[in-house]
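Here are the chains, one letter per residue:
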Amino acid sequence: MTIKDKIAVQIDDLTVAYNYKPVLWDIDLAIPEGVLMAIVGPNGAGKSTLIKSILDIIKPIAGSVQIYGKAYKKQRSLVAYVPQKGSVDWDFPTTALDVVMMGTYGSLGWIKRPGQKQKKAALEALEKVGMLAFKNRQISQLSGGQQQRIFLARALVQNASIYFMDEPFQGVDATTEKAIINILKELRKAGKTVIVVHHDLQTVPEYFDWVTFLNVKKIATGPVKDIFNDDNLTKTYGINYKVSIQQ
Amino acid sequence: MSSAQIEIQLIASLVAIACAIPGTFLVLRKMALITDAISHSILPGIVIGFFITHDLSSPLLIIMAAASGVLTVVLVEFIQKTGLVKEDTAIGLVFPALFSIGIILIAKNANDVHLDVDAVLLGELAFAPFDRLNVGDTDLGPKSLWIIGSILIITLSLLIAFFKELKISTFDAGLASALGLSPVVMHYGLMTVSSITTVGAFDAVGAILVIALMIAPAAIAYLLTNDLKKMLVLAILFGVGSAIAGYWVAHILDASISGSMTTVLGLLFLLVYLFAPERGLFSVLYRQRQQRIEVLLLTFLLHLRNHKEEEERHVKHLNEHINWQKVRSKSVLDLAIKNNMITIDSDIVSLTKKGKKFTTKALDYIITNKNSEIENMKDRFFLFRG
Amino acid sequence: MNLQEYIELVFNDYTLRTITLGTAVLGAICGMLGSFAVLRKQSLLGDAISHAALPGIAIAFLIIETKNSSIFLLGALVSGLIGTFWIRGITQKTHLKSDTALGLILSLFFGFGMLLLTYIQKMPNANQAGLESYLFGQAATLLESDVWLMVIVTGISLIVLLLFWKELKLLLFDADYTKTLGFNTKFLDILITSFIVIAIVLGLQTVGVVLMSAMLLAPAAAARQWTNNLAVMVVLAAIFGTFSGIFGTAISASQNNLSTGPVIVLVAGVFVLFSFIFSPGRGLLFREIRFRKNRNDLQLHKTLSFMYNIAKTHEDVSHPHAIRILNNFQGFTRKSLQKLEDKDYIKIQGNMWSMTKEGYYTAANLYNQLIKEDE
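Bear in mind the structure is a predicted one, so any value in this text is a computation, not a measurement. (Residues numbered from 1 in each chain as written. Chains lettered and ligands numbered in written order. Predicted model: local features only at pLDDT ≥ 70, side-chain atom pairs only at ≥ 80, totals over all residues. Heavy atoms only, no water.)

A. Looking closely at the overall build of chain C. Helix and strand counts for chain C come out as 17 helices and three strands. In terms of overall dimensions, chain C has a C-alpha envelope of 100 × 60 × 35 Å along the principal axes. For chain C, buried positions account for 56% of its 375 residues. Taking the contacts inside chain C whose residues are at least 6 apart along the sequence as the reference set, 68% of them involve residues at least 24 apart. Total accessible area on chain C is roughly 16,600 Å²; 62% of this is exposed by carbon and sulfur atoms. (Helix = DSSP H or I, 4+ residues; strand = E, 2+ residues; numbered from the N terminus. Buried < 20%, exposed > 50% of the residue type's maximum accessible area, 1.4 Å probe, protein only. Contact = heavy atoms within 4.5 Å. Areas by Shrake-Rupley, 256 points an atom, 1.4 Å probe, with all protein chains shown as cover.)

B. Layout of the sheet that holds strand 3 (residues 352-355) of chain C. Residues and elements named next belong to chain C. Strand order across the open sheet formed by three strands is 1-3-2, with antiparallel pairing between neighbours. Since the sheet does not close on itself, it has two edges, and those belong to strand 1 (321-322) and strand 2 (346-349), each with one partner. Bridge count between strand 1 and strand 3: two bridges; the pairing is antiparallel. Bridge pairing links A322 to M352 in strand 3. Strands strand 1, strand 2 and strand 3 of the sheet are contacted by helix 15 (residues 284-312), whose axis makes an angle of about 85° with strand 3. (Pairing = 2+ DSSP bridges. Axes fitted to C-alpha atoms, helices over the stretch in contact; angles between N-to-C directions.)

C. How the structure looks around helix 8 (residues 144-163) of chain C. Residues and elements named next belong to chain C. With 20 residues, helix 8 should cover 28 Å at 1.5 Å per step; its first-to-last C-alpha distance of 29 Å lies within 8% of that length. Taken as a whole, helix 8 has its buried residues at D146, V147, M150, V153, T154, S157, V160 and L161. Buried positions in helix 8, seen along its axis, are confined to an arc of 150° and lie on one side of it. Structural note: helix 8 exposes W148, I159 and L162 on the side pointing more than 90 degrees away from its buried face. (Expected span 1.5 Å × (residues − 1). Arc of directions from axis to C-beta.)

D. Looking closely at the interface of chain C and chain A. The interface is formed by 31 residues belonging to chain C together with 37 residues belonging to chain A. Across the chain C/chain A interface, buried area totals approximately 3,000 Å², and carbon plus sulfur atoms make up 60% of it. In this assembly, chain C and chain A are joined by five salt bridges. With a closest N to O distance of 3.5 Å, D91(A) and R224(C) form a salt bridge. There are 14 residue pairs in polar contact (both at pLDDT 80 or more) connecting chain C and chain A. Mapped by element, the contributors of at least two residues to the side of chain C that touches chain A are helix 8, helix 9 (165-173), helix 10 (175-180), helix 11 (185-207) and helix 13 (230-253) of chain C. (Buried area = accessible area lost by both parts, 1.4 Å probe. Salt bridge = Lys/Arg side-chain N within 4 Å of Asp/Glu carboxyl O. Polar contact = N/O pair within 3.5 Å; in protein donor to acceptor, adjacent residues only side chain to side chain.)

E. Representation of the interface of chain B and chain C in the model. Tallying the contact residues gives 62 residues for chain B and 55 residues for chain C. With both chains or domains summed, chain B and chain C bury close to 5,000 Å², and 76% of this area falls on carbon and sulfur atoms. Our count for the contact surface shared by chain B and chain C stands at one salt bridge. Close ionic contact of D254(B) with K122(C) constitutes a salt bridge, the shortest N to O distance being 3.5 Å.

F. Structural view of a negative patch on the surface. Taken together, E309(B), E310(B), E311(B) and D345(B) make up a surface patch of like negative charges. Locating E310(B) in the fold gives a position in the loop between helix 12 (281-306) and helix 13 (315-320). (Patch = residues over 30% accessible without salt bridge, like charges linked within 9 Å, V, L, I, M, F, W, Y side chains within 5 Å. Lys, Arg positive; Asp, Glu negative; His and termini not counted. Charge placed at Lys NZ, Arg CZ, Asp CG, Glu CD.)

G. Highlighting the sheet that holds strand 4 (residues 62-67) of chain A. Pairing is antiparallel across the open sheet formed by four strands, whose spatial order is 2-1-4-5 (chain A). In this open sheet, the two edge strands, each paired with only one partner strand, are strand 2 (21-32) and strand 5 (70-71) of chain A. Across the sheet, helix 1 (residues 47-54) of chain A lies against strand 1 (7-18), strand 2 and strand 4 of chain A, angled at about 115° from strand 1 of chain A, the strand it touches most. Together, strand 1, strand 2 and strand 4 of chain A form the strand contacts of helix 12 of chain B, whose direction differs from that of strand 2 of chain A by roughly 40°.

H. Representation of the packing of helix 1 (residues 3-12) of chain C against helix 2 (residues 14-39) of chain C within the structure. Residues and elements named next belong to chain C. The geometry of helix 1 relative to helix 2 is characterised by a closest axis approach of 6 Å and an angle of 95° between their N-to-C directions. Comparing the axis directions of helix 1 and helix 2 gives the class roughly perpendicular. Touching Y6, L9, V10, F11 and N12 of helix 1 are Y14, L16, R17 and T20, all from helix 2. Of the residues in the contact of helix 1 with helix 2, the class split is six nonpolar, two polar and one charged. (Parallel < 35°, antiparallel > 145°, perpendicular 65-115°, else oblique. Nonpolar A, V, L, I, M, F, W, Y, C, P; charged D, E, K, R; others polar.)

I. Region of interest: the pairing of strand 7 (residues 162-166) of chain A. Residue and element names in this part refer to chain A. When you tally the buried positions in strand 7, you get five out of five residues, the bulk of the element. Side chains I162, F164 and D166 project from strand 7 onto one buried face, and the interleaved Y163 and M165 project onto a second face that is buried too. Two strands pair when backbone bridges link them, and strand 6 (residues 79-82) and strand 7 are joined in this way by four bridges, in the parallel orientation. The partner of Y81 across the bridge, within strand 7, is F164. In this structure, strand 7 lies alongside strand 8 (residues 193-197), joined through five bridges in parallel fashion. In the sheet register, F164 faces strand 8, and the bridge partner there is I195.

J. How the structure looks around the packing of aromatic side chains. Using the criterion set out here, one finds 23 aromatic pairs over all chains in the structure. Between W110(A) and F187(C) the ring centres are 5.9 Å apart and the planes differ by 75°, which places this aromatic pair in the edge-to-face class. With one member in each of two chains, W110(A) in the loop between helix 3 (105-108) and helix 4 (116-128) and F187(C) in helix 11 form a pair that bridges those chains. A relative accessible area of 35% places F187(C) in the partly exposed class. Ring centres of F213(A) and F228(A) lie 5.9 Å apart, and the angle between their planes is 15°; on these two criteria the pair is classed as stacked. One end of the pair, F213(A), is in strand 9 (residues 210-215); the other, F228(A), is in the loop between helix 8 (224-227) and helix 9 (230-237), and 15 residues separate them in sequence. Aromatic ring contacts, followed pair by pair, group W90(A), F92(A), F151(A) and F173(C) into a single cluster. When the ring centre of F151(A) is taken as reference, the NZ or CZ atom of R154(A) above it lies at 4.5 Å. Stacked on the ring of Y105(A), the Lys or Arg K166(C) has its end atom at 5.6 Å from the ring centre. (Phe/Tyr/Trp six-rings, centres within 6.5 Å; stacked < 30°, edge-to-face > 60°. Lys NZ or Arg CZ within 6 Å of the ring centre and 35° of its normal.)

K. Summary view of helix 6 (residues 98-121) of chain C. Taking 1.5 Å of rise per residue, the 24 residues of helix 6 of chain C would be expected to cover 34 Å, and the 34 Å separating its terminal C-alpha atoms lies within 8% of that figure. Judged by how many residues are buried, helix 6 of chain C sits mostly within the fold: 20 of 24 residues are covered.

L. Spotlight on the pattern of salt bridges. Counted according to the given criterion, the structure contains 17 salt bridges over all chains. R154(A) is the salt-bridge partner of D174(C), the closest N and O atoms lying 2.8 Å from each other. On the criterion of chain membership, the pair formed by D174(C) in the loop between helix 9 and helix 10 and R154(A) in helix 5 (residues 144-157) is interchain, its members lying in two chains. You can call R154(A) buried: its relative accessible area is 0%. Members of the salt-bridge network, linked through shared partners, are D89(A), D91(A), K86(B), R224(C) and R282(C).

M. Structural detail: the UniProt feature "transmembrane region" (unreviewed entry) in chain C. All names here are of chain C. When the UniProt feature table is mapped to this numbering, "transmembrane region" (unreviewed entry) covers residues 21-39, 45-64, 71-89, 101-120, 147-165, 190-218, 230-251 and 263-285. As annotated, residues 71-89 comprises 100% helix and 0% strand, and the C-alpha atoms at either end are separated by 27 Å. Strand forms 0% of residues 190-218 and helix 86%; the C-alpha atoms that close the span are 23 Å apart. (UniProt positions renumbered as here; feature names shortened; annotations may be inferred.)

Here's what the structure looks like:
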């Protein structure tokens, strides 16, 4: 892979603290356009926090984030977000289609209601994730994998350039995992940048082309084939980590 | 002080102690609101008990009321288990329904029931000394003194007998059941004691203000200590103190005794909430401010350590790159210089030897997630705190 | 008094008409906004706010020294809001948990309110205050102007809900995501919380401090059981609330010595109980029926797959076997065989059974189906 010249996300000196307890320290990170990147690290390494502070959900105490050279607030429309599945109440009275429609709310802005155009986009996204047949299902009646697909569809509707996903493979079945990764690879092919908080180290070389090791500090970042090695894994996870890398 | 006044204060103090003990455990177990539910829903129990005995201080009344208190807990837990509504909604549905039944029962039988809803809810401590317990011709003192006294003795002996079990099951439910202590028995035991106490207290302070006497002293104590024994003692002291102070406030204002007691508790809570040494609002805000600037300092020092190149270490860079306001960066720089962590040479900032040592140590702790160590380290390295 | 007479009375009698209208409108606004409280897991906040409003009412009287329910409402609103934000302050800045914070504010504010009330009762102009009615509610004290105020507030909150419907739904479901889309979540949060507080304060005069929380929760909790659509839920909750108000008023008006508040709450409680048991999707009754049916199906499937394993050993799957050989198998009964035959999965002749093609096919696919359902 060639080094990409255009930078999608530029993070400088980012420091985040929860209740003034440090979570992320002095992170410098440049994510090139068009990569499919995994963020890996042990529990409590600050992976979700990194994504949330890029998206301005958490206020950092120092540092700056730029999306295509401008502050996030000006570039919202370029960014889509898939939160952790456990972060919402799935017993909420709403249907799959309705959740996917929420992806269009950002572009609609205040007060304006979604119309036919938005509905069409939502149906297309549902089709893409293979959930069209379930569009009128109450969301609590969906399986974990189906709920994750709905979340992905909601992000797809946003039609963004950069996708942030917080553990999209957590608690999903094998079929869904395949389906999701295929969609992510398609997105990359279309020139989009996809950033995924990931847990399963075994699948990193198979799924991703770019990786960031994170444990409170940034340990390493770059192409999977160059930096996904025992040395960086040990530095990140603290113990002598061995992973068989199939390449 | 007349003997009636002394008796009123004695009753109020005993009620406060009897409430503070279960209250402490309820606050620690995050079940404070169940007292809200119990104190309302014992009403139908009291009313039915009264229909049977026609005597407000009959023991049967207490048993019936305690039973309806436990029934509330069972109903709430049943609704929670069905998953049809969220947990707190279950509480909010059960007690108003039972309370309404109680009110309607009273209203429908108003002619032959001398039970006043106001009295049940608000209590009237002032009349307590007039209802006396007589055996033969001997006057043994006010009835309610005997009732609340017996409840207190039962509560105290249960507390002493099961203190260890209560402590373990409160702080570590998993360990408790591993040791063979049934969490269910503990739970319902506590619920029963709470119900009985609520009933015993109702004619003194009224059902609603029992909640205040259960929760507030315990919550105030919890803001001051983490130690269970100290918390119990403090809760009792606060309860008794505000009971007596409340009596005199009521005396002066010629207002409801229970209302005054709660108001004193409220003022006490406000004071502790604002000024408690470790957990009060002011010390929390002060500590947050201090930690805030110290975290910024640490951030800044680590940044210096990570970047050898001069342009990253320029004073101006603080504002531009780290994205800090001028005032903030100045105070951080000042603190760093005061602590001999950095030197500034023609606007280029460098770490001193001490600064380097500090950041190396800090980094170790951060990466191994030993955040608490950083506080100790700050004590060792800092001459001036933020 | 029969129903027709009562309805005539509602239209002709000023007091009854006012009360009926008032409780109906109150039920509607409580149901509407209560849905949001329930879904935000703020069910008990209502209880705390209604109690916390009491000192505000008393202080309002101490200041203006005459009865004026609009000013009382204002006082209630201010002290309710102070209570709400203090609860947040306690949970955010100290280690006390939300249940303790709610209980504290509820009881301490209420106690202070009681102190003021008893103090006011000793004042010479106390009689005109009518403050006791705020404890348990006295629908009879409702004036036409009070009802108008309720109608106006309900109208405003309806407009606000319609205007910000999309944003509020988003906030309720996924607050972080709402933020990333660029909506101001703080504004939305304060908006919906304020309207919930307003609804509670409005109901105090009618239902009273103690029972107000049920007015807010019960219609919403009942409505949630019948639908999986937020809009339908809000409308249903408003309808349940309205009917609780109308029926409650009717029942209490037709009997002696029945105050309106508790009756309304009990009627709403009946709605909840009915919904919990009989709602087709979530109700306990249908859940039990489904559970039984599933268990029976499972039994049948077990029997079928046992037969499948026997039939498999033969080249001709429809080869007859003796029923006797099923005796080793626990799940089988005469009835279950009969049921399998009804479904055309097997044929029974005398004391022999044989599998049909369809039965064989179904049995073969049972395992695959189970996997699919798990997915």
